[in-house]
Amino acid sequence: MAGVRRRDRHGRGVRGPLTPPQAPVSRTRAERFDDLVDDEVRRLGRRWGRELAKVRFTVEDVPGVEPWFEGPVPLGQTVPGEGDRPVRITVFRRPVEARAKGETELARLIRDLLVEEVADLLGLSPESVDPSYDSPDD
């Protein structure tokens, strides 16, 4: 049987993953971003759970802006609910990542962005939604 290979090129067996899938190092940048958003949504939900019960939080890579759009690229957006569709707050991953310089600043930017969107939705000031809003420390 010519052409049938039973081993890899160096005879050491098939190479497996270097880290187990549950290890933090094996998570993609997008998955880590999703985790930061989920953590912040849970944190806000502990205080505003009833008010946010029908709000859906999502993450998208980039906003859908028209080619002739001028101005800063949005970091997030709130879409009002219609009929059976809930209100949706979306965070745009790539613009947020582009503005953050490091993991700590990324987490703070996500926190402030979600606090601003929730405050706008509830008709409150960001400081009343989260007293740590816009502060460098958590």
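Refer to the structure printed above.
What you see is a predicted model, and the numbers here were worked out from it, not measured in a lab. (Residues numbered from 1 in each chain as written. Predicted model: local features only at pLDDT ≥ 70, side-chain atom pairs only at ≥ 80, totals over all residues. Heavy atoms only, no water.)

Caption draft 1: Just the sheet that holds strand S2 (residues 76-79), in detail. With mixed pairing, the three strands of this open sheet are ordered in space as S1-S3-S2. Unpaired on one side and paired on the other, strand S1 (55-60) and S2 mark the two borders of the sheet. Strand-to-strand, the axes of this sheet are offset by a mean angle of 20 degrees, without reference to chain direction. Pairing of S2 with strand S3 (residues 87-92), which is carried by four bridges, proceeds in the antiparallel orientation. Note that in S3 the partner of Thr78 across the bridge is Ile89. Seen against the sheet, helix H1 (residues 29-52) touches S1 and S3 and runs at an angle of roughly 165 degrees to S1. The strands that helix H3 (residues 103-122) touches are S1, S2 and S3; relative to S3, the one it contacts most, it runs at about 155 degrees. (Pairing = 2+ DSSP bridges. Helix = DSSP H or I, 4+ residues; strand = E, 2+ residues; numbered from the N terminus. Axes fitted to C-alpha atoms, helices over the stretch in contact; angles between N-to-C directions. Contact = heavy atoms within 4.5 Å.)

Caption draft 2: Focus on the side chain of Glu97. Here Glu97 lies in helix H2 (residues 93-99). The class for Glu97 is buried, based on a relative accessible area of 16%. Side-chain polar atoms of Glu97 contact the side chain of Arg29, separated by 3.5 Å. The contact partners of Glu97, leaving out residues within four places of it in the chain, are Arg29, Phe33 and Leu106. (Buried < 20%, exposed > 50% of the residue type's maximum accessible area, 1.4 Å probe, protein only. Polar contact = N/O pair within 3.5 Å; in protein donor to acceptor, adjacent residues only side chain to side chain.)

Caption draft 3: Just the pairing of S3, in detail. Most of S3 is tucked away, with five of its six residues classed as buried. In this sheet, S3 lies alongside S1 in parallel orientation, the contact comprising six bridges. Opposite Glu60, over in S3, you have Phe92 as the bridge partner.

Caption draft 4: The arrangement of the pattern of salt bridges in detail. Applying the stated rule across the entire model yields nine salt bridges. Here Arg42 and Asp39 are joined by a salt bridge, their closest N and O atoms 2.5 Å apart. Linking Arg42 with Asp39, this pair stays in helix H1, spanning three residues, or about one helical turn. A residue is classified by how much of its surface remains accessible, and Arg42, at 49% relative accessible area, is partly exposed. Judged by its relative accessible area of 42%, Asp39 falls in the partly exposed class. Glu60 serves as the salt-bridge partner of Arg88, at 3.6 Å between the closest nitrogen and oxygen. With Arg88 in strand S3 and Glu60 in strand S1, the pair connects residues that are 28 residues apart, well separated along the chain. Within the structure, one salt-bridge network assembled from shared partners comprises Arg29, Asp61, Arg93 and Glu97. (Salt bridge = Lys/Arg side-chain N within 4 Å of Asp/Glu carboxyl O.)

Caption draft 5: Molecular detail of the nonpolar core. Ranked by size, the top nonpolar core spans 22 residues in total, and within it Val96 and Ile110 carry the most contacts. Top contributing element to this core by residue count: H3, with seven residues. In contact with Ile110, not counting residues within four places along its chain, are Phe33, Leu36, Val37, Glu40 and Val96. (Core = buried A, V, L, I, M, F, W, Y, C linked by side-chain atoms within 4.5 Å.)

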